[in-house]
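Structural features, examined
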Amino acid sequence: MTQARAVHGIDDSPRGRLLSAAAQLFRDKGYERTTVRDIAAVVGIQSGSIFHHFKTKEEILFAVMEEVIHFNTERLRAAIAAENRPVERLRALVRAELTAIVGDTSEAMTVLVTEWRCLNADKQREALALRDIYEQLWLDVLEDLHKEGRFRADPFIMRRLITGMTGWTHNWFDQSRSLSVEGLADLIVDRVVGEESEEGAA
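Residues numbered from 1 in each chain as written. Predicted model: local features only at pLDDT ≥ 70, side-chain atom pairs only at ≥ 80, totals over all residues. Heavy atoms only, no water.

Residues D140, E143, D144 and D154 make up a contiguous surface patch of negative charge. Take D144: it is sitting in helix α6 (residues 121-147). (Patch = residues over 30% accessible without salt bridge, like charges linked within 9 Å, V, L, I, M, F, W, Y side chains within 5 Å. Areas by Shrake-Rupley, 256 points an atom, 1.4 Å probe, with all protein chains shown as cover. Salt bridge = Lys/Arg side-chain N within 4 Å of Asp/Glu carboxyl O. Lys, Arg positive; Asp, Glu negative; His and termini not counted. Charge placed at Lys NZ, Arg CZ, Asp CG, Glu CD. Helix = DSSP H or I, 4+ residues; strand = E, 2+ residues; numbered from the N terminus.)

The complete set of buried residues in helix α2 (residues 36-43) reads V36, I39, A40, V42 and V43. Looking straight down α2, one finds its buried side chains confined to an arc of 160 degrees; they lie on one side. Immediately beyond the C-terminal end of α2, within one or two residues, lies G44, with a positive phi of roughly 90 degrees. (Buried < 20%, exposed > 50% of the residue type's maximum accessible area, 1.4 Å probe, protein only. Arc of directions from axis to C-beta.)

This brings us to the packing of helix α3 (residues 57-81) against α6. Relative orientation of the contacting elements α3 and α6 amounts to 15 degrees, with a least axis distance of 10 Å. If you check the angle between α3 and α6, you find them roughly parallel. Considering the relative orientation of α3 and α6, their crossing is left-handed. Across the interface between the two elements, E58, F62, E66, I69, H70, N72, T73, L76, R77 and I80 from α3 touch K123, E126, A127, L130, R131, I133, Y134, L137, W138 and V141 from α6. Considered class by class, the residues forming the contact of α3 with α6 number 11 nonpolar, 3 polar and 6 charged. (Axes fitted to C-alpha atoms, helices over the stretch in contact; angles between N-to-C directions. Parallel < 35°, antiparallel > 145°, perpendicular 65-115°, else oblique. Left-handed = near helix turned anticlockwise from the far one by under 90°. Contact = heavy atoms within 4.5 Å. Nonpolar A, V, L, I, M, F, W, Y, C, P; charged D, E, K, R; others polar.)

Right, let's get into the confidence of the model for the chain. Mean pLDDT over the chain works out to 90, with 92% of the residues at or above the 70 mark. Per-element mean pLDDT across the chain ranges from 75 in helix α8 (residues 181-201) up to 97 in α6. Here residues 195-202 scores under 50 on pLDDT; set against residues more than four positions off or in separate chains, the count is 7 contacts. (pLDDT = per-residue confidence, 0-100.)

Before going further, it helps to spend a moment on the UniProt feature "DNA-binding region" (unreviewed entry) in the chain. The residues that UniProt annotates with the feature "DNA-binding region" (unreviewed entry) are residues 35-54. The distance from the first to the last C-alpha atom of residues 35-54 is 13 Å, and the span holds 40% helix and 0% strand. (UniProt positions renumbered as here; feature names shortened; annotations may be inferred.)

Once that is clear, we can look at the packing of aromatic side chains. Evaluation of the coordinates by the stated rule reveals 2 aromatic pairs. For the ring pair F26 and Y31, a centre distance of 5.2 Å and an interplane angle of 65 degrees mean the geometry is edge-to-face. The same class applies to F26 as to Y31, namely buried. With 5.9 Å between their ring centres and 85 degrees between their planes, W172 and F173 make a pair best called edge-to-face. Classification of F173 as buried rests on a relative accessible area of 12%. Sitting over the ring of Y31, K57 keeps its end group 4.3 Å from the ring centre. Sitting over the ring of W138, R159 keeps its end group 4.0 Å from the ring centre. (Phe/Tyr/Trp six-rings, centres within 6.5 Å; stacked < 30°, edge-to-face > 60°. Lys NZ or Arg CZ within 6 Å of the ring centre and 35° of its normal.)

Quick look at the side chain of K57 now. Residue placement: K57 occurs in helix α3. It turns out K57 is buried and unbridged, and the closest side chain with the opposite charge, E32, is 5.0 Å from it. One polar contact links the side chain of K57 to the main-chain carbonyl oxygen of Y31, over a distance of 2.8 Å. (Polar contact = N/O pair within 3.5 Å; in protein donor to acceptor, adjacent residues only side chain to side chain.)

In structure tokens form, the structure reads like this:
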């Protein structure tokens, strides 16, 4: 039996251990190929015991996504609160999102991206409502930068561009190499506001 390690942001309760195991299995095997029996085996319980916590495998998938969105939303709030200037708030947001994607919640974040369509329509709507709160934190900071003249594009479009830069880093980013999360965040922020910032200061 392979013991699952705890996923950051998910507690070490019996329910939390199930979610940590599920997140890792969904990432490694995919949602469709992972069975309730697989999850139970990793945790070291009988498969029937899972149903004391979740009625279906889909409920487990949604709970993994719900936990990671809640945790990383609070991470973003803390990142914003620690900075005063909009550009530094943006830098903190990028660092926080990169940490979520390639760092301590990478398993659950990968599941959120790759297994989204396995949720039914109602669960997708619930997850989107949570995601909207997360995204609004980004849009508020980007709107402040837009008002400062740091970029010309609609803040919504800028957020989509940033998502494109951060969203798939789990496929290629290697923290053991010379580029750190902080260094990558600086590169992204420079692409978003660097040139515009220099023009505004001229």
